[in-house]
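# Tertiary structure, described
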Amino acid sequence: MAIVNAKEILIPATEAKYAVGAFNITNIIQMEAVVDAHVEMKAPLIIQVSVTPSKFLGQDVLAAVYSTIAENVSIPICLHLDHCREVDYCKSCADMGWTNIMIDASRLPFEQNIQQTKEVVDHCHALGGISVEGELGTVSGVEDQVVVAEDASQLCDPEQALIFIEETGVDLLAPAIGTAHGVYKTANPKVDFERFARIAEMVNGKSARVPLVVHGGTGLPEDYVRKLVALGGAKFNVSTDLKHTWIDAVHTYISAHRDEYDPGKLDVYARNSTKDKVKEWIALFGSAGKA
Ligand SMILES: [Zn+2]
């Protein structure tokens, strides 16, 4: 039985300074590939699904597949709803057995962000065993429902972060620090490490209370990732890299086997390609052997 919420695997990560990878999947084979990689490397895992693929695949189907897989492996696994802007949809996923919910009200005025986040927190905590992630400031780029221009992005204010945590009771905080969704247009994206360090110190300085989340892992230089993990980034989101890996693998396989009509072989190739890619991230996050 390895069904867990995000907070329970992220508190030890925060204390021991490693990150748990949170990988966005858009189909079941990807989900299995992500699990395979983590089982082989004995690492805790957060499976993430954005709103659009969750509606396409079915929130109930995903919850059922998740619980079946999680109950049959030795590592702890969390199923996370990513960047959801609909309070009711957040609640319904929690009702169906998703174990971490991200209500993204970060583009609303501060008071409304607090109000919506608190509503989801209250619902999830009443159900028991479900943690909630909130976002403060705006992560730029494209993430499923959420499209934000880079110049419109606002970074997270550390003082507001404390108020946000106190007033909402949120379990995980995603502070905007300059990382972005999609593909970075520069080799050296502007990441505000000092701001992140200040938030980590204020929130988790005495003891780990509210693990911090880094969005936009794809394309960040490896030394940036290591630095953010060392500063207290406990949940590290990877989405775009898995999408590219999947599309490239399918394209490569079909290009080389255009006359073959065996979907199973294509699936195995794409699954293994994804697994190999995920293993690179696990090594970078330092989470191998932590499950
Ligand atoms: Zn994100």
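Our subject is the structure listed above.
Sequence order as written defines the numbering, with residues in each chain counted from 1. The model is predicted, so local features are restricted to residues of pLDDT at least 70 and side-chain atom pairs to those at 80 or more, both for listing and for counting; the totals for chains, interfaces and linings are taken over all residues. Hydrogen atoms and water are omitted, and side-chain values are computed over all heavy atoms in the structure.

## Considering the packing of helix H2 (residues 28-40) against helix H11 (residues 263-285)
A fitted line through C-alpha atoms represents every axis, and for helices the fit uses only the stretch in contact; the resulting angles, taken between N-to-C directions, go from 0 to 180 degrees. Segments assigned H or I by DSSP are reported as helices when at least four residues long, segments assigned E as strands when at least two residues long, and all are numbered from the N terminus. Their axes nearest at 8 Å, the elements H2 and H11 cross at an angle of 45°. In this view, H2 runs oblique relative to H11, as classed from their interaxial angle. H11 is crossed by H2, and the crossing has right-handed handedness. Residue-level contacts link Ile29, Glu32, Ala33, Val34, Asp36, Ala37, His38 and Glu40 of H2 to Asp267, Arg271, Thr274, Lys275, Val278, Lys279 and Ile282 of H11. Broken down by class, the residue content of the contact of H2 with H11 amounts to six nonpolar, two polar and seven charged. Here the word oblique covers every angle except those under 35 degrees (roughly parallel), over 145 (roughly antiparallel) and from 65 to 115 (roughly perpendicular). In a left-handed crossing the near helix is turned counterclockwise from the far helix by less than a right angle, and in a right-handed crossing that turn is clockwise. Should any heavy atoms of two residues lie within 4.5 Å, those residues are considered in contact. By the convention adopted, Pro, Cys, Tyr, Trp, Phe, Met, Ile, Leu, Val and Ala count as nonpolar, Lys, Arg, Asp and Glu as charged, and the other residues, Gly among them, as polar.

## Quick notes on the pairing of strand S10 (residues 233-238)
When a strand is regular, its side chains alternate between the sheet's two faces. Here's how the labels work: a residue is buried when its accessible area is under 20% of the maximum for its type, exposed when over 50%, partly exposed in between, all with a 1.4 Å probe on protein chains only. Among the six residues of S10, six are classified as buried, and the element is accordingly described as predominantly covered. Inspection of the sheet shows strand S1 (residues 20-24) paired to S10 by four bridges, in the parallel sense. Each residue of the ladder has a partner; that of Phe23, found in S10, is Val238. We call two strands paired when DSSP finds no fewer than two bridges between them. Strand direction decides the pairing type here: strand S9 (residues 212-214) and S10, joined by three bridges, are parallel. Counterpart to Val213 in the pairing with S10 is Lys235.

## Looking at the packing of aromatic side chains
Working definition: rings of Phe, Tyr and Trp (its six-membered ring) pair if their centres are within 6.5 Å, and the pair is stacked with planes under 30 degrees apart, edge-to-face with planes over 60 apart, and tilted otherwise. Under the defined criterion, the tally for this structure stands at six aromatic pairs. Considering the side-chain rings of Phe193 and Tyr224, the 5.3 Å spacing of their centres and the 80° angle between planes classify their relative orientation as edge-to-face. Of this pair, Phe193 sits in helix H8 (residues 193-204) while Tyr224 sits in helix H9 (residues 222-231), placing them 31 residues apart in sequence. Residue Phe193 is classed as buried on the basis of its relative accessible area of 15%. An aromatic cluster of three or more residues is present, and its members are Phe23, Phe236, Trp281 and Phe285. Consider the ring centre and the ring normal. A charge sits over the ring if Lys NZ or Arg CZ is within 6 Å of that centre and within 35 degrees of that normal. Directly above the aromatic system of Tyr89 lies the positively charged group of Lys55, at a separation of 4.9 Å from the ring centroid. The ring of Phe193 is capped by Lys227, whose NZ or CZ atom sits 4.2 Å from the centre of that ring.

## With respect to the coordination of the zinc ion
As a rule, N, O and S atoms within 2.8 Å of a metal are its donors, except that Na, K and Ca use 3.2 Å; water is not among the atoms, so sites may look incomplete. Surrounding the zinc ion are the protein donor atoms His83 (NE2), His181 (NE2) and His215 (ND1), which sit 2.0 to 2.1 Å from the metal. Mapped onto the sequence, the residues coordinating the zinc ion show the spacing H-x97-H-x33-H. Taken together, the residues His181 in the loop between strand S8 (172-175) and H8 and His215 in the loop between S9 and H9 connect sequence positions 34 residues apart. Per residue, the accessibility class of His181 equals that of His215, and both read buried.

## Notes on the pattern of salt bridges
One side-chain nitrogen of Lys or Arg within 4 Å of one carboxyl oxygen of Asp or Glu is enough to make a salt bridge. Going through the model one piece at a time under the given rule, you end up with 14 salt bridges. Between Lys55 and Glu86 there is a salt bridge whose closest N-O contact spans 3.3 Å. Taken together, the positions of Lys55 in helix H3 (residues 51-57) and Glu86 in the loop between strand S3 (77-84) and helix H5 (87-96) put the pair 31 residues apart, joining distant regions of the chain. What makes Lys55 partly exposed here is its relative accessible area of 44%. A salt bridge links Glu280 to Lys277, with the shortest nitrogen-to-oxygen separation between them at 3.5 Å. Residue Glu280 and its partner Lys277 are both found in helix H11; the two are separated by three residues, about one turn of the helix. Members of the salt-bridge network, linked through shared partners, are Glu32, Asp36 and Arg271.

## As for the side chain of Asn24
Locating Asn24 in the fold gives a position in strand S1. Looking at Asn24, the relative accessible area reads 5%, which means it is buried.

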